[in-house]
Amino acid sequence: MTDTPVLRLTGITKRFGSLLANDGISLELARGEVLALLGENGAGKSTLVSILFGHYVADSGMVEAFGAPLSPGDPAAALAAGIGMVHQHFTLADNLSVLDNVMIGVEPWWRPVSRRAAARAKLVDLARRFGLAVDPDARVGDLSIGEKQRVEILKALYRDARILILDEPTAVLTPQESERLFETLRAFVAAGLSIVFISHKLGEVLAVSHRIAVLRQGRLEATLPAAGTDATRLAQLMVGRAVERTTRAGREHAASAGVPAAVGGTRASGDGASGAAAVLSLRDVELLEGGRRLLERVSLELRASEIVAIAGVAGNGQQPFAELLCGLRAPSAGTLRIDGAPIAATPAAFVAARVGRIPEDRHHLGAIAESSVAENAVAEHYREPPYARGRWRVDRVAIREAAQRIVADFDVRCRGLDQPTRQLSGGNMQKLILGRVLSRSPRLIVADQPTWGLDVGAVAWIHGKLLDAARAGAAIVLISEELDEILALADRIAVISHGRLSEARPVADWSTETLGLAMMGAGAHGEGDAARAA
């Protein structure tokens, strides 16, 4: 790492109406350096990176790359200057080959002959140099998540990127894939590349970065070396206060010792509820769609006050499984029962059975963006008393009273009940959805990626509320790709791989390593004792 900056941001300020998203931010990135960018949701990270990559134009300030000013609002100029970006959500064409994806947008459209042979040679050389093994002729749609990420990184390197921006690069990777990525990053640094690393995972930030920049409320709160700091200090810098991590074991230990829990009490464990009747029962459930088998012979039982986590790499059947548990899909075979009784495969029937849904996509599935905070607070049950007045009318006073309670009880920070929900931050939108679910004292909660993309403070708060709900008697299915979250909250863990669900075993039987192996398909369905070989 050298002292000469390859990237310099000076006095970057950006407003959106009355919102000051970036306030005079100045940062430098050196050659061969990994600079981590941290901050709460809404702290200004995305805006800053969008300015850097040319998607936004700053109101004031300047970006320099390799000593030359960067043309504002011009992604092509950023690419030409050697800046590459790997987005959290991949931008690949699944129906094309790896080589085709890498070449898209590189060759001029008027060139009569494609230089595929030279492109293949360059791609193979880059893959070899940086340990990014991938078949140039493979169809991208057939690749694993980790392989797709390698293609995204190779796309940037193929364009001769010397600065890489990685946005939540491990969000959909197993621990083993994440470690391979970190090895690749170390190879990048050795080759003189510079990296801006954006992540909510503080342990990873400390493991891979040289320096850490923390944003809070649009301002640069601190820039500090990774060596000598810790996750506790980083969390406090991010949110402006101490953040106490809430876990199943910690809360139960606090209660047994007579110490009040930080977020409200303890709860019965799954083992303690093992004699009770099952709240949710699945027996040999199959799910077919267009000739494809989405779920295969899935069986699971879940009791009151129990949290069963479903771990898996994205795209292995989590979403069909979540939709099945909310009445959005009907089993093609097998049985699904709630409190011992079969249930119609309609969302209305599941809502009536007090099944609460926290969907993966809060923006498009969890809320109606243009509707108000008040309307979204009761969106799934406004036809029930006390909100319904006859078949066609609703009691708007009752709706606003309920919404006001949710806003207060769940700390939803908004300008008022009439504010459009799309204007809420991600964390506040998730709190509104959580309040809508928990205010009905649900029997079963399907929590699908409940903390996706949220900062450490919001994560701790939501974890506490889920544990409180389990203590109050709710059975919870936690679908998550965050292994730390799973290990912190679950009583039992099952792994979903290629539409098959393993036996749900006690959390003590698993480690991060064995979970990662099972998520990759090794030992996930009862083959030997791989899951216990911690």
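Structural data are supplied above this passage.
The rules behind each value
Residues numbered from 1 in each chain as written. Predicted model: local features only at pLDDT ≥ 70, side-chain atom pairs only at ≥ 80, totals over all residues. Heavy atoms only, no water. Pairing = 2+ DSSP bridges. Helix = DSSP H or I, 4+ residues; strand = E, 2+ residues; numbered from the N terminus. Phe/Tyr/Trp six-rings, centres within 6.5 Å; stacked < 30°, edge-to-face > 60°. Lys NZ or Arg CZ within 6 Å of the ring centre and 35° of its normal. Patch = residues over 30% accessible without salt bridge, like charges linked within 9 Å, V, L, I, M, F, W, Y side chains within 5 Å. Areas by Shrake-Rupley, 256 points an atom, 1.4 Å probe, with all protein chains shown as cover. Salt bridge = Lys/Arg side-chain N within 4 Å of Asp/Glu carboxyl O. Buried < 20%, exposed > 50% of the residue type's maximum accessible area, 1.4 Å probe, protein only. Expected span 1.5 Å × (residues − 1). Contact = heavy atoms within 4.5 Å. Axes fitted to C-alpha atoms, helices over the stretch in contact; angles between N-to-C directions.

Colleague: Quick question: what am I supposed to make of the sheet that holds strand β11 (residues 278-289) here?
Modeller: Strand pairing in a sheet relies on backbone hydrogen bonds. The paired strands run either parallel or antiparallel. Sheet architecture is open: four strands sit in the order β12-β11-β14-β15, paired in antiparallel fashion. Edge positions in the sheet fall to β12 (292-303) and β15 (341-342), since each has one partner strand and no second. Pairing of strand β14 (residues 333-338) with β15 involves two bridges; the strand directions are antiparallel. Its bridge partner lying in β15, Arg337 is registered against Pro342.

Colleague: Is there a simple way to think about the environment of Ser281 in this case?
Modeller: For Ser281, the location among the structural elements is in strand β11. Put simply, Ser281 and Pro342 are 61 residues apart on the chain and 9.5 Å apart in space, counted from C-alpha to C-alpha.

Colleague: Got a minute to help me understand the packing of aromatic side chains in this structure?
Modeller: In this description, an aromatic ring pair is defined by two values, namely the gap between the centres and the angle between the planes. In this structure the tally under the stated criterion is three aromatic pairs. Consider the rings of Phe16 and Tyr56, whose centres lie 5.4 Å apart with planes at 65 degrees: the pair is edge-to-face. Note that Phe16 is positioned in strand β1 (residues 5-16) and Tyr56 in the loop between α1 (45-52) and β4 (60-65), a separation of 40 residues in sequence. Residues Phe130 and Phe188 carry aromatic rings whose centres are separated by 4.9 Å and whose planes lie at 70 degrees to one another, so their mutual orientation is edge-to-face. Note that Phe130 is positioned in helix α4 (residues 116-130) and Phe188 in helix α6 (residues 175-190), a separation of 58 residues in sequence. Over the ring of Phe16 we find Lys14; its NZ or CZ atom is 5.3 Å from the centre of that ring.

Colleague: Looking at this model, I keep getting lost on a nonpolar patch on the surface. Mind explaining?
Modeller: A surface patch of nonpolar side chains, amounting to about 280 Å² of accessible area, comprises Phe16, Leu19 and Tyr56. Relative to the helices and strands, Leu19 is located in strand β2 (residues 19-30). Of the residues examined, Leu19 reaches a relative accessible area of 51% and is grouped as exposed.

Colleague: What is the right way to look at the pattern of salt bridges in this model?
Modeller: Two side chains carrying opposite charge are able to pair once their charged atoms lie near each other. Taken as a whole and judged by the stated rule, the model has 31 salt bridges. Among the salt bridges present, the one from Glu179 reaches Arg186, with a minimum N-O distance of 2.9 Å. Two residues, Arg297 and Asp284, come together in a salt bridge whose shortest N-O distance is 3.5 Å. Pair noted here: Arg297 is in strand β12 and Asp284 is in strand β11, with a separation of 13 residues, a long-range link. Classification of Arg297 as exposed rests on a relative accessible area of 53%. Because the salt bridges share partners, they merge into one network encompassing Glu289, Arg292, Glu323 and Arg329.

Colleague: Please explain α6 as it appears in this structure.
Modeller: Since the α-helix packs 3.6 residues into each turn, any two residues three or four apart lie on the same face. Here α6 contains 16 residues, and its C-alpha end-to-end distance of 23 Å stays within 8% of the 22 Å for a straight helix at 1.5 Å per residue. Three or more residues of α6 are buried, namely Gln176, Glu177, Ser178, Leu181, Phe182, Thr184, Leu185 and Phe188. Residues of α6 that are buried make contact with α4, α5 (145-158), β7 (163-167), β8 (194-198), α7 (202-208) and α18 (512-519). Note on α6: the residue one or two positions beyond its end, Gly192, has a positive phi of about 95 degrees.

Colleague: What should I look at first to understand the sheet that holds strand β3 (residues 34-39) in this one?
Modeller: One open sheet holds the six strands; their spatial order is β6-β7-β8-β3-β9-β10, and the pairing between them is mixed. Of all the strands in the sheet, just β6 (83-86) and β10 (219-225) have a single pairing partner and so form its edges. Averaged over neighbouring strand pairs, the angle between their axes works out to 20 degrees when direction is ignored. Sheet analysis places β3 next to β8, joined by four bridges and oriented parallel. Within β8, the residue paired with Leu37 across the bridge is Ile198.

Any functional reading would require information that these geometric values do not contain.
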